[in-house]
Amino acid sequence: MKLAIGENIRNFRKKNDLTQEALADRLGVTYQSISRWENGTTYPDIELIPAIAEVLAVTVDELLGMPQIEKEKRAVQTFDELRRECIKRDYDADKIVDLLRDIRRNYLNSDSAWRPWSEGNNRAFRDPKILPEARLLAEAYLERHPMQPHVIETMAEIEDEEHLEDFLGKYTTSFDCSTR
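Just so it is clear, the structure is predicted and the values come from calculations on it, not from any experiment.

Asker: So what exactly am I meant to see when it comes to the packing of helix α9 (residues 131–144) against helix α10 (residues 149–158) here?
Answerer: Relative orientation and spacing of two packed helices are given, respectively, by the angle between their axes and the distance between those axes. The interhelical angle for the contact between α9 and α10, taken along N-to-C directions, is 155°, at an axis separation of 11 Å. Regarding the angle of α9 to α10, the classification is roughly antiparallel. Crossing of α9 against α10: the hand is left-handed. Note on element contacts: α10 touches α9 through H150, V151, I152, M155 and I158, opposite L131, A134, R135, A138, Y141 and L142. Taken together, the residues of the contact of α9 with α10 break down into 9 nonpolar, 1 polar and 1 charged.

Asker: Is there a simple way to explain the pattern of salt bridges in this structure?
Answerer: Pairing between side chains of opposite charge can happen when their charged atoms approach one another. Under the criterion given, the structure shown has 18 salt bridges. When the shortest N-O distance is used, the salt bridge between K95 and E85 registers 3.7 Å. Here K95 is found in helix α7 (residues 93–106), whereas its partner E85 is found in helix α6 (residues 68–87), with 10 residues between them in sequence. Judged by relative accessible area, which is 4%, E85 ranks as buried.

Asker: Hey, could you run me through the packing of aromatic side chains in this one?
Answerer: All told, the structure shown has 2 aromatic pairs when counted by the stated rule. Ring centres of W117 and F125 lie 5.8 Å apart, and the angle between their planes is 65°; this geometry places the pair in the edge-to-face category. Like F125, W117 is buried. Seen in terms of ring centroids, F167 and Y171 are 4.9 Å apart; in terms of plane orientation they differ by 45°. Their pairing is tilted. Residue F167 and its partner Y171 are both found in helix α11 (residues 161–171); the two are separated by 4 residues, about one turn of the helix. In this structure F167 comes out as buried when scored by relative accessible area, which is 3%.

Asker: What is the right way to read unusual backbone geometry from this model?
Answerer: Of all residues except glycine, most have a negative phi; of all peptide bonds, most are trans. In this structure, D17 takes a positive phi of about 55° despite not being glycine. Positionally, D17 belongs in the loop between α1 (5–15) and α2 (20–27). What makes D17 exposed here is its relative accessible area of 69%. Of note in the backbone geometry, A57 takes a positive phi value of approximately 60° without being a glycine. Within the secondary structure, A57 sits in the loop between α4 (49–55) and α5 (60–64). For A57, a relative accessible area of 63% corresponds to the exposed category.

Asker: Got a minute to help me understand the packing of α9 against α11 in this structure?
Answerer: At a minimum axis separation of 12 Å, α9 and α11 run at an interaxial angle of 10°. With respect to their mutual orientation, α9 and α11 come out roughly parallel. Side by side, α9 and α11 meet where R135, A138, E139 and L142 of the first sit next to H163, F167 and Y171 of the second. Among the residues making up the contact of α9 with α11, the classes are represented as 4 nonpolar, 1 polar and 2 charged.

Asker: Help me understand helix α3 (residues 31–38) in this model?
Answerer: An α-helical turn contains 3.6 residues, so any two residues separated by three or four positions project in the same direction. Where α3 is concerned, the buried positions are S33, I34, W37 and E38. Projected onto a plane normal to the axis of α3, the buried residues spread over an arc of 130° and lie on a single side. Among the structural elements, α1, α2 and α4 are those in contact with the buried residues of α3. Of the residues flanking the end of α3, it is G40, one or two places downstream, whose phi is positive at about 80°.

Rules behind the numbers
- Per chain, residue numbering runs from 1 following the sequence as it is written.
- Only residues with pLDDT of 70 or above have their local features reported here, since the model is predicted, and side-chain atom pairs are shown and tallied only from 80 upward, although totals for entire chains, interfaces and linings are computed over all residues.
- Calculation of side-chain values draws on the structure's entire complement of heavy atoms; hydrogens and water are dropped beforehand.
- Axis lines are fitted through C-alpha atoms, for helices just across the contact stretch, and the angle between N-to-C directions can take any value from 0 to 180 degrees.
- Strands here are runs of E lasting at least two residues and helices are runs of H or I lasting at least four, both read from the DSSP assignment and numbered beginning at the N terminus.
- Roughly parallel refers to an angle under 35 degrees, roughly antiparallel to one over 145, roughly perpendicular to one between 65 and 115, and oblique to any angle outside these ranges.
- Left-handed is the label given to a crossing in which the near helix is rotated counterclockwise from the far helix by less than a right angle, and right-handed is the label when the rotation is clockwise.
- Only heavy atoms enter the contact rule, under which two residues are in contact if any of them lie within 4.5 Å.
- Just so you know the grouping, Ala, Val, Leu, Ile, Met, Phe, Trp, Tyr, Cys and Pro go in nonpolar, Asp, Glu, Lys and Arg go in charged, and all remaining residues, Gly too, go in polar.
- For this document, the term salt bridge refers to a Lys or Arg side-chain nitrogen within 4 Å of an Asp or Glu carboxyl oxygen.
- Relative accessibility under 20% of the residue-type maximum defines a buried residue, over 50% an exposed one, and the middle range a partly exposed one, all with a 1.4 Å probe and only protein chains included.
- Pairing of aromatic rings covers Phe, Tyr and the six-membered ring of Trp, with a centre-to-centre limit of 6.5 Å; geometry is then stacked below 30 degrees between planes, edge-to-face above 60, and tilted otherwise.
- By construction, the arc corresponds to the directions joining the helix axis to the C-beta atoms.

Below, the structure is given as structure tokens:
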């Protein structure tokens, strides 16, 4: 399978109104390197892939041209793994944090992105080691999918007192009296 990364770099670069020179400056490479990538002559160094994706405001999967159906399969596997870990009596907080971070970075547009908020993960999400990452995921999700009641209800249940009013003030309206 031939990677379409060069074509994707070109398309995302143009979408972001960047010249090859501007992209090269931001990545610390030469514009000739960008040209070679886009022409398919060479591939970028693997260590540059996350930086390229960040500059172009896309996920690594999008940059690599991962087909959507494969990405959905990986998303479902990740959500399943999160659910399984959260229901364990002695869950691994670090593993849950890693899974939440992976979801936030890669799967917010997945058809299954609602799942962390409606699968009974609240007990684990209340954990002080996990709550900050759950909060980041909720905020990122609500930026893309505003006023989703399942996210707001979950956060209203798990959020600590210090952050609850700020969260509700930011993500609910005065008409949403039941959640408040």
